[in-house]
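Chain by chain, the residues:
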Amino acid sequence: MRFRHPDGSTVHLAYCTNVHPAETLEGVLAQLRDHCEPVRKRVGRDRIGIGLWLAKDAARALVTDPAALRGLRTELDRRGLEVVTLNGFPYEGFGAEEVKYRVYKPDWTDPERLSHTTDLARLLAALLPDDVTEGTISTLPLAWRTPFDTARAETARTALTTLAQRLDALDELTGRSIRVGLEPEPGCTVETTADAIAPLTAVDHDRIGICVDTCHLATSFEDPKTALDALTEAGIPVVKSQLSAALHAEHPHLPDVREALAAFDEPRFLHQTRALTSSGLRAADDLGEALTGDALPDTSPWRAHFHVPLHAEPAAPLTSTLPVLQDTLTRLVGGTTPLTRHLEVETYTWQALPPALRPRGRSQLAEGIAAELALARDLLTDLGLKELP
């Protein structure tokens with residue numbers, strides 16, 4: 001979906017396909033048919049954007065077979081889908097029964113992460129619509145926090161510098177400008193937007209910036225204005241933003257609140273949980289750890305890294321951090337010039353929701369994703385952007 005900003009530029013809105021597990025090219029083509037096109041039809045548009053997730057095997061198949069790449073581009077066009085951004089964070093196995101810490105491998109100290117991200121950039125340059133010259137890719141924020149030392153930090157910096165050089169060369173070759181954004185996430189060596197400033201300043205290249213995920217921002221209790229103003233002051237570009245909402249528990253000491261939170265403690269994904277206290281942020285690596293241990297005080301609100309559907313507020317006594325998303329979006333695109341032009345709804349946890357809340361079949365999932373896109377569309381038009389055909 002495209003929107004005209006009051007400054008005349010185009011802002012793109014997509015939804016991320018990592019909600020539909022697909023490790024192979026055949027799986028990607030099937031998800032376009034079975035999921036993405038039905039979402040487009042429910043949104044009622046001739047064309048919508050998707051933030052494509054290409055796992056290792058799918059990406060490699062496309063890189064090594066130009067005919068397959070042309071076939072994917074044709075299939076996107078045929079189904080009314082366009083790609084201006086990729087989710088390059090998960091490498092493989094995102095549809096496994098247990099993902100947890102595996103999603104952080106390989107990290108930016110492993111040459112394979114550089115190789116894979118380079119492949120994604122080349123593919124995106126070929127998949128961009130004919131009238132679009134700028135693409136974006138989100139990637140993991142260097143590494144999980146352990147083990148990570150000065151030597152590993154330097155290895156990661158060197159890899160990102162090499163990536164920037166490759167993106168320069170790709171632009172010269174194709175005329176397509178691809179940028180990559182580190183996506184701060186709780187528990188990683190770059191947990192917050194503030195943590196991103198030093199390593200990105202060290203790389204010092206405008207093709208490498210930040211991806212602001214509003215669930216992660218909220219989970220770490222970051223203030224959107226403070227965070228985005230600091231990035232602007234440091235000259236760090238917001239490459240893209242993922243529109244998502246976290247779980248919020250105002251009174252975690254109450255038994256009914258803990259019972260409600262426990263329903264979201266599932267075995268597939270890591271749900272880092274945070275509490276903001278007078279002495280700073282307290283952390284638990286997973287929701288179950290927070291509920292059963294003493295890592296977090298229960299005298300102040302908790303937030304958990306669980307991407308809840310944007311349009312569906314969790315049942316009381318829980319809420320979502322949708323207001324943080326709204327405040328962030330206002331700062332990102334509500335000004336005289338947008339800070340980013342690529343927005344991506346990223347609720348990948350539909351099938352990890354408590355059983356009573358999970359969609360029953362493809363149709364209900366498509367309806368839910370379409371409802372999220374409709375909410376995001378309304379937020380954008382409320383900010384003065386005009387939806388384009």
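Residues numbered from 1 in each chain as written. Predicted model: local features only at pLDDT ≥ 70, side-chain atom pairs only at ≥ 80, totals over all residues. Heavy atoms only, no water.

Trainee: What exactly am I supposed to notice about empty space enclosed by the protein here?
Mentor: To find leftover empty space, a probe the size of one water molecule is rolled over the atoms. On inspection of all chains with the given rule, the structure shows four cavities of 30 Å³ or more. Residues that form the lining of the largest cavity fall into these classes: nine nonpolar, five polar and five charged. Estimated volume of the second largest cavity: approximately 50 Å³. Forming the walls of the second largest cavity are Met 1, His 12, Leu 13, Ala 14, Gly 49, Ile 50, Glu 82, Val 83, Val 84 and Thr 85. Of all elements in the fold, only β2 (10-16), β3 (48-52) and β4 (81-87) reach the threshold of two or more residues within the lining of the second largest cavity. Per element, the largest residue contribution to the lining of the second largest cavity is four residues, and it comes from β4. (1 Å grid on protein atoms, 1.4 Å probe; cavity = no way out; pocket = protein on both sides within 12 Å on 5 of 7 lines; lining within 4 Å. Points joined across faces, edges and corners; volume = space filled by probe spheres on them. Nonpolar A, V, L, I, M, F, W, Y, C, P; charged D, E, K, R; others polar. Helix = DSSP H or I, 4+ residues; strand = E, 2+ residues; numbered from the N terminus.)

Trainee: What should I look at first to understand the environment of Thr 146 in this one?
Mentor: Tracing the backbone shows Thr 146 in the loop between β5 (134-139) and α5 (150-174). Sequence separation between Thr 146 and Pro 66 is 80 residues; the distance between their C-alpha atoms is 39 Å.

Trainee: Even after reading the chapter, I still don't get the side chain of Gln 31, so can you show me in this structure?
Mentor: Structurally, the position occupied by Gln 31 is in helix α1 (residues 25-43). Judged by relative accessible area, which is 4%, Gln 31 ranks as buried. Within polar-contact distance, the side chain of Gln 31 engages the backbone oxygen of His 20 at 2.8 Å. When near neighbours in sequence (up to four residues on either side) are disregarded, Gln 31 contacts Thr 17, His 20, Pro 21, Ala 22, Cys 36 and Leu 52. (Buried < 20%, exposed > 50% of the residue type's maximum accessible area, 1.4 Å probe, protein only. Polar contact = N/O pair within 3.5 Å; in protein donor to acceptor, adjacent residues only side chain to side chain. Contact = heavy atoms within 4.5 Å.)

Trainee: Would you mind showing me how to read helix α11 (residues 322-333) here?
Mentor: Residues three or four positions apart in an α-helix share a direction because the helix packs 3.6 residues into each turn. With 12 residues, α11 ought to run about 16 Å at 1.5 Å a step, and its terminal C-alpha atoms sit 16 Å apart, in line with that. Among all positions in α11, only Leu 322, Val 324, Leu 325, Thr 328, Leu 329, Leu 332 and Val 333 are buried. For α11, the buried positions fall inside an angular range of 150 degrees around the axis, keeping them on one side. (Expected span 1.5 Å × (residues − 1). Arc of directions from axis to C-beta.)

Trainee: Help me understand the layout of surface pockets, please; the structure alone is not making it clear to me.
Mentor: The volume enclosed by the largest pocket comes to roughly 330 Å³. For the lining of the largest pocket, the class distribution of residues is eight nonpolar, 11 polar and four charged.

Trainee: It is not clear to me how the packing of aromatic side chains should be interpreted in this structure. Could you clarify?
Mentor: In this description, a pair of aromatic rings is defined by centroid distance and the angle of the planes. Taken as a whole and judged by the stated rule, the model has eight aromatic pairs. Aromatic pair Tyr 101 and Trp 144: ring centres 5.2 Å apart, planes at 85 degrees, arrangement edge-to-face. Highlighted residues: Tyr 101 in the loop between β4 and α4 (111-127) and Trp 144 in the loop between β5 and α5, separated in sequence by 43 residues. The exposure class assigned to Tyr 101 is partly exposed, which follows from its relative accessible area of 40%. Relative accessible area serves as the criterion here: at 9%, Trp 144 is assigned to the buried category. Each ring, one from Phe 269 and one from Tyr 348, has its centre 5.0 Å from the other, and the planes form 75 degrees; the classification is edge-to-face. Here Phe 269, found in the loop between α9 (255-262) and β10 (273-277), pairs with Tyr 348, found in the loop between β14 (342-345) and α12 (362-382); they are 79 residues apart in sequence, far enough to count as distant. The pair Phe 269 / Tyr 348 is uniform in exposure class, with both members buried. Through a chain of ring-to-ring contacts, the aromatic side chains of Trp 53, Phe 94, Phe 269 and Tyr 348 assemble into a single cluster. (Phe/Tyr/Trp six-rings, centres within 6.5 Å; stacked < 30°, edge-to-face > 60°.)

In short, shape yes, function no, at least from these values alone.
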